[in-house]
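Here's the letter readout for the chains.
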Amino acid sequence: MLERTRKVGKKILISGGGRCNFTNLNIEPQRYLSHNPHFCKSALSRYTQWDFIALLEKHGIAYHEKSLGQLFCDHTAKDIVKMLLDECKCVNVKILTGIDISDLEYESQSYCLHTNKGQFSADALVVASGGLSIPKMGSSGYGFELAKQFGLNIYPTQAALVPFTMTDAHKDLCKRLSGISVPVIVTIGQQSFRENMLFTHRGLSGPAMLQISSYWCFGSELQINLLPDHDVIALLKQFKERHPRAILRTLLTQALPKKLVLELESLHWLKDADKPLGDWLDKQLTNIASSLTTWSLKPSGTEGYRTAEVTLGGVDTQHISS
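Attention in this report is confined to the structure presented alongside it. Everything numeric here is computed off the predicted structure, so don't read it as measured data.

Another point: the overall build of the chain. Scanning the chain from N- to C-terminus turns up eleven helices and 15 strands. Radius of gyration (C-alpha) of the chain: 25 Å, far over the 20 Å computed for a compact globule of 322 residues. In the chain, buried positions account for 37% of the 322 residues. Split by element, the accessible area of the chain, about 18400 Å² in all, is 52% carbon and sulfur.

Now the structure itself:
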C-alpha cells in the first residue's frame, strides 16, 4: 500500500470530532447521490454496515449510536485506525508512507508506478485517493487526473457537506450569534433535513447545513424552519388569548435562545417589539409565524474544499464495473 502522507488514516482521525462516525445503521442505495444511482448497490450488498460493525466487535471496540443511526466510537478514532492496521498486518500488507507518484503506465497487462521511492509494478491497482476535500489531510485530486489518463469522463466537482458563508448584514447577524445551535428543518426545493443548525462567525454550519449543502447551487435560497416542533400560528394565537399583555419575545424565548429571538425581532417586528400580544392582528401573527417557519436566507457561497467533508461530482461511473 502506497500512502502519500507521512501518517496513515489522517482523515479517519479527525472524523466525527475525533471519534470517527464509522458507519450508519440505515444504509440504502437511495441515500447516495450519483448520476448513476445503481452503481453503489453491488458494493453495499456485498459488504454491509453489519460486516463492518462485526469487525469492530471482533476487535473489542466500543461504540454508540449518536442520532439518526450514526455510529461513533466511545473512545477515539485511533481505535479504528489501529483496527485497520492490525487487519492489514494479519494478511501481510506492507504500508509505505511519504510516496509521491510521478507517473503511472499500463502495458503488457501490468501497471507500473514511478515514485520518489522507486518503481512498483502490479497486475491490479486499487486507487483510493479521495477527492479534493480537506487538502491538509493529503487529498490532491490525483485520482481525477488518473481517471482522465485512462479516458474516463469527469463531472464538474464542488465542495459538499460543507458550511455556508454569508455576506453583508446576514454575515454580521451570524457573527453575533456565533456558537448558538438550534434544531431546524432546512429545505431546498423538494429536499429537506431535520438536524441542528449552528451559527458561525462566517455563516451557517451544523449537521442540517452540511447535509443540505450537497443540494445547494450558487444563488439558491435556504428555507429554514426555526420551530419544527410547533404549530407556530396556533401557538401564537393561543398565547395571545391567554397572555394578552405579554410581548412576543417573552413567548419565543421559551423555545429559542434569547440572542436569536432579539435578532429575529430586529429583523421582523422591531416597531412592534414592545406591543402587547393582545393588540396584534391575527394577520400580523400569521406573518410572524411564516417568517419563523420559512426564514429565507441566501448564502454567498461555502467554505470550499478547505473544510468540505466530501467532493460532489468527479469520476463518471457509467464506464466502470460496479
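Structure's up, so let's keep going.
Position of Leu 13 among the secondary structure elements: in helix H1 (residues 10-14). The partly exposed category is assigned to Leu 13, whose relative accessible area is 22%.

In terms of nonpolar packing, the biggest core is built from 42 residues, with Phe 199, Leu 222, Ile 224 and Leu 226 touching the most fellow members. In this structure, Leu 226 is in contact with Val 182, Pro 183, Val 184, Met 197, Leu 256, Leu 260, Leu 264, Leu 292, Thr 293 and Trp 295, ignoring residues within four places of it in sequence.

Here Arg 242 shows up in helix H8 (residues 232-242). For Arg 242, a relative accessible area of 60% puts it in the exposed group.

Moving on, we get to the side chain of Glu 195. Turning to its location among the elements, Glu 195 is positioned in strand E10 (residues 191-199). Put simply, Glu 195 is tucked away with no salt bridge, and the nearest opposite charge, on Arg 194, sits 8.5 Å away. Other than its neighbours up to four places away in sequence, Glu 195 contacts Leu 68, Gln 70, Val 182, Pro 183, Val 184, Pro 207 and Ala 208.

Quick look at a nonpolar patch on the surface now. Side chains of Met 1, Val 91 and Val 93 sit close together on the surface and give an oily, nonpolar patch of about 270 Å² of accessible area. Considering the arrangement of structural elements, one finds Val 91 in the loop between helix H4 (78-90) and strand E4 (101-107). Val 91 gets classed as exposed once you look at its relative accessible area, which sits at 58%.

It is worth spelling out the packing of aromatic side chains at this point. In this structure the tally under the stated criterion is seven aromatic pairs. Ring centres 4.5 Å apart and planes at 40° place the aromatic pair Tyr 106 and Tyr 111 in the tilted group. With centroids separated by 6.3 Å and ring planes inclined at 55°, the aromatic side chains of Tyr 111 and Phe 150 adopt a geometry described as tilted. Of this pair, Tyr 111 sits in strand E5 (residues 110-115) while Phe 150 sits in the loop between helix H5 (142-149) and strand E7 (154-160), and the two are 39 residues apart along the sequence. By way of ring pairs, the aromatic residues Phe 22, Phe 52 and Tyr 63 are connected into one cluster. In this structure, Lys 66 packs its charged tip against the face of Phe 72, placed 4.9 Å from the ring centre. In this arrangement the basic side chain of Lys 275 is found over the ring face of Trp 280, its NZ or CZ atom lying 5.3 Å from the centre.

Here we come to the state of the cysteines. Scanning the entire structure with this criterion turns up zero disulfides. Of all cysteine sulfurs in the structure, the one in Cys 73 sits closest to Cys 20, which takes part in no disulfide; the separation is 5.2 Å. There is no disulfide at Cys 174, and the cysteine sulfur nearest it, in Cys 217, is 20 Å away. Given the relative accessible area of 1%, Cys 174 is considered buried.

Moving on: the sheet that holds strand E13 (residues 295-297). Within a sheet, neighbouring strands are paired by backbone hydrogen bonds and run either parallel or antiparallel to one another. Taken together, seven strands build an open sheet; the order of strands is E13-E12-E9-E10-E11-E8-E14 and the sheet is antiparallel. Two strands in the sheet have a free side with no partner beyond their single neighbour: E13 and strand E14 (301-302).

Right, let's talk about the sheet that holds strand E6 (residues 118-122) for a bit. Overall, antiparallel pairing links the three strands, which are arranged E4-E5-E6 in an open sheet. Either end of the sheet is taken by a strand with one partner, and the two such strands are E4 and E6. Strand-to-strand twist across the sheet, computed as the mean angle between neighbouring axes with direction ignored, equals 15°. Pairing geometry for E5 and E6, over five bridges, is antiparallel. Residue pairing for E6: Tyr 111 is matched across the bridge by Ala 122.

Rules used throughout
Residues numbered from 1 in each chain as written. Predicted model: local features only at pLDDT ≥ 70, side-chain atom pairs only at ≥ 80, totals over all residues. Heavy atoms only, no water. Helix = DSSP H or I, 4+ residues; strand = E, 2+ residues; numbered from the N terminus. Rg over C-alpha atoms; globule rule 2.2 N^0.38 Å. Buried < 20%, exposed > 50% of the residue type's maximum accessible area, 1.4 Å probe, protein only. Areas by Shrake-Rupley, 256 points an atom, 1.4 Å probe, with all protein chains shown as cover. Core = buried A, V, L, I, M, F, W, Y, C linked by side-chain atoms within 4.5 Å. Contact = heavy atoms within 4.5 Å. Lys, Arg positive; Asp, Glu negative; His and termini not counted. Salt bridge = Lys/Arg side-chain N within 4 Å of Asp/Glu carboxyl O. Patch = residues over 30% accessible without salt bridge, like charges linked within 9 Å, V, L, I, M, F, W, Y side chains within 5 Å. Phe/Tyr/Trp six-rings, centres within 6.5 Å; stacked < 30°, edge-to-face > 60°. Lys NZ or Arg CZ within 6 Å of the ring centre and 35° of its normal. Disulfide = S-S within 2.5 Å. Pairing = 2+ DSSP bridges. Axes fitted to C-alpha atoms, helices over the stretch in contact; angles between N-to-C directions.

All we've got here are geometric facts, nothing functional implied.
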